[in-house]
Amino acid sequence: MAGNRLKRKVVCDAGPIIHLDELQVLHLLSDFGHVLVPAQVWLEVKKHRANALNHTGIKFEKVIVENISSGVLSGLSKAFGLDAGEIEALSVAQRNRDCNLFTDDAAARLVASQMGFEVHGTIGLIVRAIRRKQLSAEEVVDILASVPQKSTLYIKPALLNRIVEDVKNEYRV
Amino acid sequence: MQTIEIELPDQLYKGVNNLVKSGWFRDQNEVLCEAVRKFIESHRPELIEKFILEDVEWGLHGGE
């Protein structure tokens, strides 16, 4: 039983969409009002997970991004080596300041934090599903344990084990 | 561009200026941008771990 869908819009980079789809929990994004997907990110997701953006329960919205050749993002993108999708995601987040940004890229997260955005990644979305009543704690533990086999999201094994233990301890699984 | 103010130890400041004077970089800004970029590239695993742990905390105890 899921909690009420939030009205908040979010901006999504390719990583979380791809990884959630790999783990068969893409539906977790249905908890948000709209999922804004920049055009470059849309292309990248289509390349790796052809049907992900067709998910009927999620309000994916493709966003065409223009005029990011100058300004803060241009300089930061050069300094931090961001790719086109990450730059567009940050640009969309900049124009929608009340949005969360979802990305798994460390450099993009660093820039996003510097610019004052609230930013989270795939693991956070999966763990969050318990308190949002989208998944049970037991389901989340199983999904986290399956990340190395089912997903291209890389997490150091010791860190993944720690996360699983944290979830088990929090929810007494 | 956003401006960040930092304090550099004298040795580092001299090193930055030497790189500019010798023609490797156009200005101090370019030196520092390149230094930050390389730092990020070489320290991503640590950053990723930090961000993931922040994510878990948000997932467990966040407001939304």
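The sections below set out a description of the structure shown in this document. Everything numeric here is computed off the predicted structure, so don't read it as measured data.

Each value, and the rule that gives it
- Residues numbered from 1 in each chain as written.
- Chains lettered and ligands numbered in written order.
- Predicted model: local features only at pLDDT ≥ 70, side-chain atom pairs only at ≥ 80, totals over all residues.
- Heavy atoms only, no water.
- Axes fitted to C-alpha atoms, helices over the stretch in contact; angles between N-to-C directions.
- Helix = DSSP H or I, 4+ residues; strand = E, 2+ residues; numbered from the N terminus.
- Parallel < 35°, antiparallel > 145°, perpendicular 65-115°, else oblique.
- Contact = heavy atoms within 4.5 Å.
- Nonpolar A, V, L, I, M, F, W, Y, C, P; charged D, E, K, R; others polar.
- Buried area = accessible area lost by both parts, 1.4 Å probe.
- Salt bridge = Lys/Arg side-chain N within 4 Å of Asp/Glu carboxyl O.
- Polar contact = N/O pair within 3.5 Å; in protein donor to acceptor, adjacent residues only side chain to side chain.

## Focus on the packing of helix 1 (residues 14–22) of chain A against helix 6 (residues 122–131) of chain A
All names here are of chain A.
Then, in step 1: Two numbers describe how helix 1 lies on helix 6: the axes approach to 9 Å, and their chain directions differ by 50°. On the basis of the axis angle, helix 1 is oblique to helix 6. Only Thr122, Leu125 and Ile126 of helix 6 make contact with helix 1, whose side of the interface consists of Gly15, Pro16, His19 and Leu20.
Then, in step 2: In terms of residue class, the contact of helix 1 with helix 6 is made up of 4 nonpolar, 3 polar and no charged.

## So, the interface of chain A and chain B
Then, in step 1: At the interface, 36 residues of chain A touch 24 residues of chain B.
Then, in step 2: Among the residues of chain A in contact with chain B, Ala106(A), Arg109(A) and Arg131(A) are the three that bury the most area, contributing 20% of the side total.
Then, in step 3: At the surface where chain A touches chain B, the tally comes to 2 salt bridges.
Then, in step 4: Counting the contacts that link chain A with chain B gives 9 residue pairs in polar contact (both at pLDDT 80 or more).
Then, in step 5: Contributing elements (two or more residues each) for the side of chain A that touches chain B: helix 3 (72–80), strand 4 (100–102), helix 5 (106–114), strand 5 (118–120), helix 6 and helix 8 (157–171) of chain A.
Then, in step 6: Tallying contributions element by element places helix 6 of chain A first for the side of chain A that touches chain B, with 7 residues.
Then, in step 7: Considering only residue class, the side of chain A that touches chain B consists of 17 nonpolar, 9 polar and 10 charged.

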